[in-house]
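Residue-level structure breakdown
Below, each chain spelled out in residue letters.
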Amino acid sequence: QVQLVESGGGLVQAGGSLRLSCAASGRTFSGYTMGWFRQAPGKEREFVASITRSGGSTYYADSVKGRFTISRDNAKNTLDLQMNSLKFEDTAVYYCAAATRFGDVLVTIAPRYEYWGQGTQVTVSS
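About the criteria used
Residues numbered from 1 in each chain as written. Predicted model: local features only at pLDDT ≥ 70, side-chain atom pairs only at ≥ 80, totals over all residues. Heavy atoms only, no water. Salt bridge = Lys/Arg side-chain N within 4 Å of Asp/Glu carboxyl O. Helix = DSSP H or I, 4+ residues; strand = E, 2+ residues; numbered from the N terminus. Buried < 20%, exposed > 50% of the residue type's maximum accessible area, 1.4 Å probe, protein only. Core = buried A, V, L, I, M, F, W, Y, C linked by side-chain atoms within 4.5 Å. Contact = heavy atoms within 4.5 Å. Polar contact = N/O pair within 3.5 Å; in protein donor to acceptor, adjacent residues only side chain to side chain. Phe/Tyr/Trp six-rings, centres within 6.5 Å; stacked < 30°, edge-to-face > 60°. Disulfide = S-S within 2.5 Å. Pairing = 2+ DSSP bridges. Axes fitted to C-alpha atoms, helices over the stretch in contact; angles between N-to-C directions.

**Thoughts on the pattern of salt bridges**
In this structure the tally under the stated criterion is 6 salt bridges. The residue Glu114 makes a salt bridge to Arg101 at a minimum N-O spacing of 3.5 Å. Here Arg101 lies in the loop between strand E9 (92–99) and strand E10 (115–116) and Glu114 lies in the loop between E9 and E10, a separation of 13 residues in the sequence. Since its relative accessible area comes to 55%, Arg101 is described here as exposed. Taken together, the salt bridges that share partners define one network made up of Arg38, Glu46, Arg67 and Asp90.

**With respect to the nonpolar core**
Ranked by internal contacts, the top residues of the largest apolar core, which has 37 residues, are Leu4, Met34, Trp36, Leu79, Leu81, Met83 and Tyr94. Where this core is concerned, the elements lending two or more residues are strand E3 (18–25), strand E4 (33–39), strand E5 (46–51), strand E7 (68–73), strand E8 (78–83), E9 and strand E11 (120–125). With 6 residues, E9 is the single largest residue contributor to this core.

**Here's the deal with the environment of Ser17**
Here Ser17 lies in the loop between strand E2 (10–13) and E3. A residue is classified by how much of its surface remains accessible, and Ser17, at 38% relative accessible area, is partly exposed. For the pair Ser17 and Ala110, spaced 93 residues apart in sequence, the C-alpha to C-alpha distance is 25 Å. If sequence neighbours within four positions are ignored, Ser17 has contacts with Val12, Gln82, Met83, Asn84, Ser85 and Leu86. A distance of 2.9 Å separates polar atoms of two side chains, one belonging to Ser17 and the other to Asn84.

**A short note on the packing of aromatic side chains**
The relation between two aromatic rings is expressed through the spacing of the ring centres and the mutual angle of the planes. The full count for this structure, using the stated rule, is 7 aromatic pairs. Between the aromatic rings of Phe37 and Phe47, the centroid separation amounts to 5.6 Å while the plane-to-plane angle is 75 degrees, which identifies the pairing as edge-to-face. Of the two residues, Phe37 is situated in strand E4 and Phe47 in strand E5; the sequence distance between them amounts to 10 residues. Each of the two residues, Phe37 as well as Phe47, counts as buried. Counting every residue linked through ring pairs, the aromatic cluster contains Phe37, Phe47, Tyr59, Tyr95, Tyr113 and Trp116.

**Side note on the state of the cysteines**
Within this structure, the stated rule accounts for 1 disulfide. Here Cys22 is linked by a disulfide to Cys96, with a sulfur-sulfur distance of 2.0 Å. Across the disulfide from Cys22 to Cys96, rotation about the S-S bond amounts to roughly 50 degrees, and the bridge is consequently right-handed. Here Cys22 is found in strand E3, whereas its partner Cys96 is found in strand E9, with 74 residues between them in sequence. By relative accessible area, Cys22 is classed as buried at 1%. According to the relative accessible area criterion, Cys96 is buried, its value standing at 0%.

**A short note on the sheet that holds E8**
Read from one edge of the open sheet, 4 strands run E1-E3-E8-E7, paired in antiparallel fashion. The open sheet has two edge strands with one neighbour each: strand E1 (3–7) and E7. Between one strand axis and the next, the sheet turns by 15 degrees as a mean value, whatever way the strands run.

Listed below in structure tokens is the structure:
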């Protein structure tokens, strides 16, 4: 089993920044591909960013590319998402997720992630 707990959400003005963190426990964190997803009210959950087991490769949704940065610290079992230049449309519940079955590759599809955190709310005021 893998337990994931997000933190760092909150209310921020448009143009501001937030840093989300995800603490992982239960199995070997360095063995997971990790990802961030988000879900806005009335919308489906969407991919935000992914990072490989080693942290050597990252991938972003076009909507956040150049503004968000995903990173991980395998020694501390943590995953972060630095969000800059936030926009109103970034408002959503943000989830971290772990995929353990695909090797050291990026994963962008939600059903391929087996473990999910409970989510943290990010609200951007315009």
